[in-house]
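Now for the letters of each chain:
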Amino acid sequence: LGLTTSYLASVNSASVCHTIEGAPKLAELAKQNFSKLYINNIEAHVGNIDEILPEVLKTLPTIDFAFFDANHTKEATMRYFHLCLSKINGKSMFVFDDIHWSEEMVSAWNEIKNHPKVRVSLDVYEMGILYFDEELQKGDFVVQKKKKSYSNNKIQGKPFYSQYTLKYKVSIFCKYMSDAVKCF
């Protein structure tokens, strides 16, 4: 539907946001939504990401921001990461959706966050965020959910977790995140 792309593209109307959609009907709906929202800085590419991503990357000098929500296999995720890694700059930020989707995605995330070019990784459970700025101290941070204090709060036999536990260092990195998105 193009909702995430619309949100990302609206951050800076002077930027160009590329999106790749494999399903032609969904791509058409997304284009209609871009038009309804008056978002004119999106280049929508339709087809197989494995064929289109390398071609799009050839046209870009660098990538300021990349949001990965595609083929949820380790092999594909690693391939997309390495393709885009060749286009990073000091302020680049990569966001990977569904890093805990499967054992394969957890494995891909663990390998990606330990890449030597990654300076900071932030696991917010649903997503993983990477920074490449060499001025940042190397770090791996996890935002964990806090357990409720009473034991009868369960859903389908599993503990129900309520609010996020945020640490001071995480809030510092939120500033970097907002700066990176502004650069996008």
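Residues numbered from 1 in each chain as written. Predicted model: local features only at pLDDT ≥ 70, side-chain atom pairs only at ≥ 80, totals over all residues. Heavy atoms only, no water.

**A short note on the side chain of Asp123**
Its location among the elements puts Asp123 in strand E5 (residues 120-123). Lys113 provides the closest opposite charge to the buried, salt-bridge-free Asp123, at an N-O distance of 5.7 Å. Beyond its immediate chain neighbours, meaning those up to four positions away, Asp123 contacts Ile99, His100, Trp109, Phe141, Val142 and Val143. (Helix = DSSP H or I, 4+ residues; strand = E, 2+ residues; numbered from the N terminus. Buried < 20%, exposed > 50% of the residue type's maximum accessible area, 1.4 Å probe, protein only. Lys, Arg positive; Asp, Glu negative; His and termini not counted. Salt bridge = Lys/Arg side-chain N within 4 Å of Asp/Glu carboxyl O. Contact = heavy atoms within 4.5 Å.)

**Here's the deal with the environment of Ser13**
When you line up the elements, Ser13 lands in the loop between helix H1 (3-10) and strand E1 (17-21). Spatially, the C-alpha atom of Ser13 lies 6.1 Å from that of Asn41, the residues being 28 residues apart in sequence.

**Points about the environment of Val95**
Residue placement: Val95 occurs in strand E4 (residues 88-97). Judged by its relative accessible area of 5%, Val95 falls in the buried class. With 27 residues separating them in the primary sequence, Val95 and Leu122 have C-alpha atoms 9.4 Å apart.

**As for the packing of aromatic side chains**
Overall, the coordinates contain six aromatic pairs when judged by the stated rule. When the centroid spacing of 4.2 Å and the interplanar angle of 5° are considered together, the rings of Phe68 and Phe96 count as stacked. With Phe68 in strand E3 (residues 63-68) and Phe96 in strand E4, this residue pair connects regions lying 28 residues apart in the sequence. Judged by relative accessible area, Phe96 falls into the buried class, the value being 2%. Here the aromatic cluster, defined as three or more aromatic residues joined through ring pairs, consists of Phe68, Phe81, Phe94, Phe96, Trp109 and Phe132. (Phe/Tyr/Trp six-rings, centres within 6.5 Å; stacked < 30°, edge-to-face > 60°.)

**Describing the pairing of strand E7 (residues 139-142)**
Burial along E7 is one-sided: Gly139 and Phe141 are buried, and none of Asp140 and Val142, which face the opposite way, are. Where E5 and E7 come together, four bridges link them in parallel fashion. Residue pairing across strands places Asp123 opposite Val142, the latter belonging to E7. (Pairing = 2+ DSSP bridges.)

**Brief notes about the side chain of Asp98**
Inspection of the secondary structure puts Asp98 in the loop between E4 and helix H5 (103-113). Given the relative accessible area of 14%, Asp98 is considered buried. Not counting chain neighbours up to four residues away, the residues in contact with Asp98 comprise Asp69, His72, Met105 and Glu126.

**Notes on the nonpolar core**
By size, the foremost hydrophobic cluster in this structure holds 23 residues, and its most contacted members are Phe81, Phe94, Phe96 and Leu130. The set of elements that each furnish at least two residues to this core consists of helix H3 (49-58), E3, helix H4 (74-85), E4 and H5. If sequence neighbours within four positions are ignored, Phe94 has contacts with Ile63, Ala66, Phe68, Phe81, Cys84, Leu85, Ile88, Gly128, Ile129, Leu130 and Phe132. Of all hydrophobic cores here, the second largest spans eleven residues; its members include Val95, Val120, Ile129 and Tyr131. (Core = buried A, V, L, I, M, F, W, Y, C linked by side-chain atoms within 4.5 Å.)

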